[in-house]
Amino acid sequence: MARKKVGLIILHAKQLVTARGHSHTPAVGSDMDDPEVLDDGAVAVDDGTIVAVGRTGEVLAEHSGTVNIDASNRIVTPGFIDPHTHFVFAGSRETELELKIKGAGYLEILQRGGGILHTVHDTRAASKIQLFQTCKKRSENILLHGTTTIEAKSGYGLTLEDEIKSLEIIKQIDEQGPLSLVPTFLGAHAIPSEYQIRTSEYVNQICDDWIPEVAGRGLARFCDVFCEKGVFEIADSRRILESGKRAGLLPKIHADELYPLGGAELAAEVGAVSADHLLYASDAGLEQMKQAGVIATLLPAAPLTLMLDRYADARKIIAHEVPVALGSDLSPSCWLENQQLVIALACYKLKMTPAEAIIAATINAAHAIRKAHEIGSIEVGKKADLTVFDVPDFRFLGYRFGTNMVDRVVKNGKVVVENGRLIA
Ligand SMILES: [Zn+2]
């Protein structure tokens, strides 16, 4: 029988890490430690879609590629997905590193008009074209490090006009590609200085005016809230997430990062897609998250850059059979564009295995942005978003860190990074 001609075959991968079998529901418990690793693996791609996955001999028996990529002595994974980024921001806050070194805490820096509010000032001041160019460059850095899809939050505008400016930039960059972006409205990121003693007025405005406007324009898929003591507490967070739901925006929540406020419980109550951070999540909260199907998105670079001694208890969360995803928390206070380093931090600081961390940065991350039906694993019918790493074993992800190990990135079936360089 004649072999079927396809656009692209990646063949002879030393290891092909498929992460398949979890597209319907995320991997939990011991399944997270089993991402399926095929030796001498191959993946055939046609018209942007994966059409065959298996050992090289099996795939070549039925398919021939117009383009063939030899991945000998390399590994292939699904393109990484970063399910938590504060992607749209102008300026930088390198001076805060010294404040942190001298012992200033996150909320203290915020109360002194620094932190988020400093970036709000810079982001409002940037023209749309300046902000677009900054973000475009950022999207290329992310892609160069093997990530093919991100969740991208607004949240440094904090006026309706400036939030819309940020969300429109996310849309523009997604449409241009190659990086895919899923937009999240985070008007409730901080209380802007002009509303400092009028939190409830600010919350009213978000619920009554901004959410309907943003949702009406189709500029966001998710609505997120920075639920934290002294910022948006439980009642305000509930109102914001419920308003988002009424407008068709799926809830996400920054939960129990710095203080045990009950964010995990609220995530379960409102049926959030994910609860993120969870350093202080209670056992009851985790149990409720499991029952409600809420994903725990862990962000190990956040406590690292806040110089905290505490990290999310990933072992306990996995033991509770709550699905775990991993994100960067990219922002001006945690400027990390590389999911490889997130995986390493998950191994060294959260005691996740490399296998669990890869699942958490691929298929479970896809669930955390409600895209698991089309990305996050190497299986037939999914979009061909693939990363080739110049390492001989998947455990190098985690083990080796600080260098970019990406050899190639394939996005929608097209090679967009080659020899570690953008070619798109
Ligand atoms: Zn965040």
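As the structure is a prediction and not an experimental result, all values here were calculated from the model. (Residues numbered from 1 in each chain as written. Predicted model: local features only at pLDDT ≥ 70, side-chain atom pairs only at ≥ 80, totals over all residues. Heavy atoms only, no water.)

> For this particular structure, what's the right way to read the pattern of salt bridges?
For side chains bearing opposite charge, pairing can occur when the charged atoms are close. Inspection of the entire model under this criterion finds 24 salt bridges. Salt-bridge contacts for R408 lead to E418; the nearest nitrogen and oxygen are separated by 3.7 Å. Placement of the pair is R408 in strand β15 (residues 406–411) and E418 in strand β16 (residues 414–418), with a sequence separation of 10 residues. E418 sits in the partly exposed class, given a relative accessible area of 30%. A network of salt bridges, in which partner residues are shared, links R74, D407, R408 and E418. (Salt bridge = Lys/Arg side-chain N within 4 Å of Asp/Glu carboxyl O. Helix = DSSP H or I, 4+ residues; strand = E, 2+ residues; numbered from the N terminus. Buried < 20%, exposed > 50% of the residue type's maximum accessible area, 1.4 Å probe, protein only.)

> Sorry, what's going on with the pairing of strand β2 (residues 37–46) here?
Consecutive residues of a regular strand have side chains that alternate between opposite faces of the sheet. Relative to β2, strand β1 (residues 4–17) runs antiparallel, the two being bridged by seven bridges. Looking at β2, one finds that Q15 is bridged to D39. (Pairing = 2+ DSSP bridges.)

> Got a minute to help me understand a negative patch on the surface in this structure?
Taken together, the side chains of D31, D33, D34 and E321 make up a negatively charged region of the molecular surface. The exposure class assigned to E321 is partly exposed, which follows from its relative accessible area of 39%. (Patch = residues over 30% accessible without salt bridge, like charges linked within 9 Å, V, L, I, M, F, W, Y side chains within 5 Å. Areas by Shrake-Rupley, 256 points an atom, 1.4 Å probe, with all protein chains shown as cover. Lys, Arg positive; Asp, Glu negative; His and termini not counted. Charge placed at Lys NZ, Arg CZ, Asp CG, Glu CD.)

> So what exactly am I meant to see when it comes to the sheet that holds strand β7 (residues 147–153) here?
Pairing between sheet strands relies on hydrogen bonds along the backbone, with the strands arranged either parallel or antiparallel. Spatially, β6-β7-β8-β9-β10-β11-β12-β13 is the arrangement adopted by the eight strands of the open sheet, whose pairing is parallel. Whereas interior strands pair on both sides, the edge strands pair on one side only; in this sheet they are β6 (80–82) and β13 (324–326). Geometrically, the sheet is characterised by an average inter-axis angle of 25° between neighbouring strands, direction not taken into account. Two elements, β7 and strand β8 (residues 180–188), share five bridges in a ladder whose sense is parallel. Bridging across to β8, K153 finds its partner in T184. Running at roughly 170° to β8, helix α6 (residues 160–176) makes contact with β7 and β8 of the sheet. This element, helix α14 (residues 354–361), spans β6 and β13 of the sheet and lies at about 80° to β13. (Axes fitted to C-alpha atoms, helices over the stretch in contact; angles between N-to-C directions. Contact = heavy atoms within 4.5 Å.)

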